[in-house]
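One letter stands for each residue in the lines below.
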Amino acid sequence: MTYPKVGFLGPKGTFTEMAVMTVFEKTEKIPYETIPRCIDAVMGGEVEYGVVPLENAIEGSVNLTIDYLIHEQPLPIVGEIHVPIQQHFMVHPANKDSQKDPEVVLSHPHAIAQCHRFLRENYPNIQIKYMNSTGAAAQYVEEHPEQCIAAIANELAADEYHLSIIHRNVHDYENNVTRFVVLHREHVQVPQKTNQTSEKTTILVTLPKDYPGALHQVLSAFAWRKLNLSKIESRPAKTGLGNYFFVIDVEMKMDDILIPGVKAELEALGCGVKILGSYPVFKRQAVHIK
């Protein structure tokens, strides 16, 4: 029996791999070094699905993902995964019992920012080195046992790279969550899971030029239909200064009346409208370890 190939932002041991494991129980997981490379792999048929980060509750949107999907590879969104972000401070086992504090800590810039208070209070003089991912940081520590260094990463990375966690839950905010999107070349259904929590539709809207009050009328099209919007975000259209498009998340799946009615009303106003996806939302449960 063959299992679907799922690409993700690697290397192994990242939160993106955790997202993959939340939805896909049996699959061939293929890590990619960058978000564009992962998205390209889906479009090119190297993998069936791709999983990439979209937004962090603390650091905000991952603009690279949004812009690449809009301007480069317009793949449908077929799922969303929420993963709680629990960061741990880890070292090589050879240095676990060392009396000397680590001289350098490695991690992704977002992870460092999420653990700023911990680092300031416990390692105020430590040197910070940024890596492409938390998994890459853990991998580097594993490969350099002779160096007095540490990584900030998740428990999956500690297991994958055989590191010792010396401080658990070093993140500054308990309710930190990252949203990941599942991409496919077609509008398909991802495997159904018991941890599905809701459904969502994402719409791309481009406003007409020289139309006073256009954004107000766009929002009104949703409001009078009593459609709840969980997010509206503007991004540069890359067609000139001051030109933007809006990405809007609607808290319901695509239906036959309400959302098509919104689309028709906005197009009548001269807006460009594209459905980026209508999909289930999954949530990974946090593991509370002290």
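(A) How the structure looks around helix α2 (residues 35-43). All of the buried residues along α2 are Ile35, Pro36, Cys38, Ile39, Ala41 and Val42. Taken together, the buried residues of α2 touch β1 (5-9), β2 (28-32), β3 (49-56), α3 (63-71) and β11 (177-183). Capping of α2 at its N-terminal end is provided by threonine 34; its side-chain oxygen lies 3.1 Å from the backbone amide nitrogen of arginine 37. Glycine 45, located one to two residues past α2, shows a positive phi value of around 85°.

(B) Here's a closer look at the nonpolar core. Ranked by size, the top nonpolar core spans 25 residues in total, and within it Ile39, Val52 and Leu183 carry the most contacts. Looking at this core, the elements that each hand over two or more residues are β2, α2, β3, α3, β11, β14 (244-250) and β15 (272-283). No other element matches the five residues that α2 contributes to this core. Contacts of valine 52, omitting those with residues within four sequence positions, involve Thr16, Ile35, Cys38, Ile39, Thr65, Phe180, Val181 and Leu183. By size, the runner-up hydrophobic cluster in this structure holds 19 residues, among which are Ala19, Tyr49, Val78 and Ile85.

(C) Summary view of the pattern of salt bridges. With the rule as written, the count across this model stands at 13 salt bridges. Measuring nitrogen to oxygen at the nearest pair gives 2.9 Å for the salt bridge that ties glutamate 80 to lysine 200. One end of the pair, glutamate 80, is in strand β5 (residues 77-84); the other, lysine 200, is in strand β12 (residues 196-206), and 120 residues separate them in sequence. Taken individually, glutamate 80 and lysine 200 each receive the classification buried, so the pair is uniform in this respect. Salt-bridge contacts for glutamate 155 lead to arginine 168; the nearest nitrogen and oxygen are separated by 3.2 Å. Remark: arginine 168 occurs in the loop between β10 (164-167) and β11 and glutamate 155 occurs in helix α7 (residues 155-160); sequence separation between them is 13 residues. Linked through salt bridges whose partners overlap, the residues forming this network are Glu55, Glu80, Arg179, Lys200, Lys231, Glu233 and Asp249.

(D) Fine view of the packing of α2 against α3. The contact between α2 and α3 brings their axes to 10 Å, and the two run at 35°. Judged by the sense of rotation from one axis to the other, the crossing of α2 with α3 is right-handed. Contacts between α2 and α3 pair Ile35, Pro36, Ile39 and Asp40 from the former with Leu64, Thr65, Tyr68 and Leu69 from the latter. Here the contact of α2 with α3 is built from residues that sort into six nonpolar, one polar and one charged.

(E) View of the layout of surface pockets. Of the volumes computed, that of the largest pocket is approximately 510 Å³. Leu9, Pro53, His108, His110 and Asn132 are the residues nearest the centre of the largest pocket, which is lined by 23 residues in total. For the lining of the largest pocket, the elements supplying multiple residues, two or more each, are α1 (15-23), β3, α4 (109-114) and β11. Looking at side-chain class alone, the lining of the largest pocket contains nine nonpolar, 12 polar and two charged residues.

(F) Molecular detail of the pairing of β14. Most of β14 sits out of view: six of its seven residues are buried. Sheet analysis places β12 next to β14, joined by six bridges and oriented antiparallel. Looking at the pairing, threonine 201 lines up with valine 250 of β14. Taken together, the seven bridges between strand β13 (residues 229-236) and β14 define a ladder with antiparallel strand orientation. Each bridged residue has a counterpart across the sheet, and for arginine 235 the counterpart in β14 is phenylalanine 245.

Basis of the calculations
Residues numbered from 1 in each chain as written. Predicted model: local features only at pLDDT ≥ 70, side-chain atom pairs only at ≥ 80, totals over all residues. Heavy atoms only, no water. Buried < 20%, exposed > 50% of the residue type's maximum accessible area, 1.4 Å probe, protein only. Helix = DSSP H or I, 4+ residues; strand = E, 2+ residues; numbered from the N terminus. Contact = heavy atoms within 4.5 Å. Polar contact = N/O pair within 3.5 Å; in protein donor to acceptor, adjacent residues only side chain to side chain. Core = buried A, V, L, I, M, F, W, Y, C linked by side-chain atoms within 4.5 Å. Salt bridge = Lys/Arg side-chain N within 4 Å of Asp/Glu carboxyl O. Axes fitted to C-alpha atoms, helices over the stretch in contact; angles between N-to-C directions. Left-handed = near helix turned anticlockwise from the far one by under 90°. Nonpolar A, V, L, I, M, F, W, Y, C, P; charged D, E, K, R; others polar. 1 Å grid on protein atoms, 1.4 Å probe; cavity = no way out; pocket = protein on both sides within 12 Å on 5 of 7 lines; lining within 4 Å. Points joined across faces, edges and corners; volume = space filled by probe spheres on them. Pairing = 2+ DSSP bridges.

In short, the description is geometric, and any link to function would need to be established separately.
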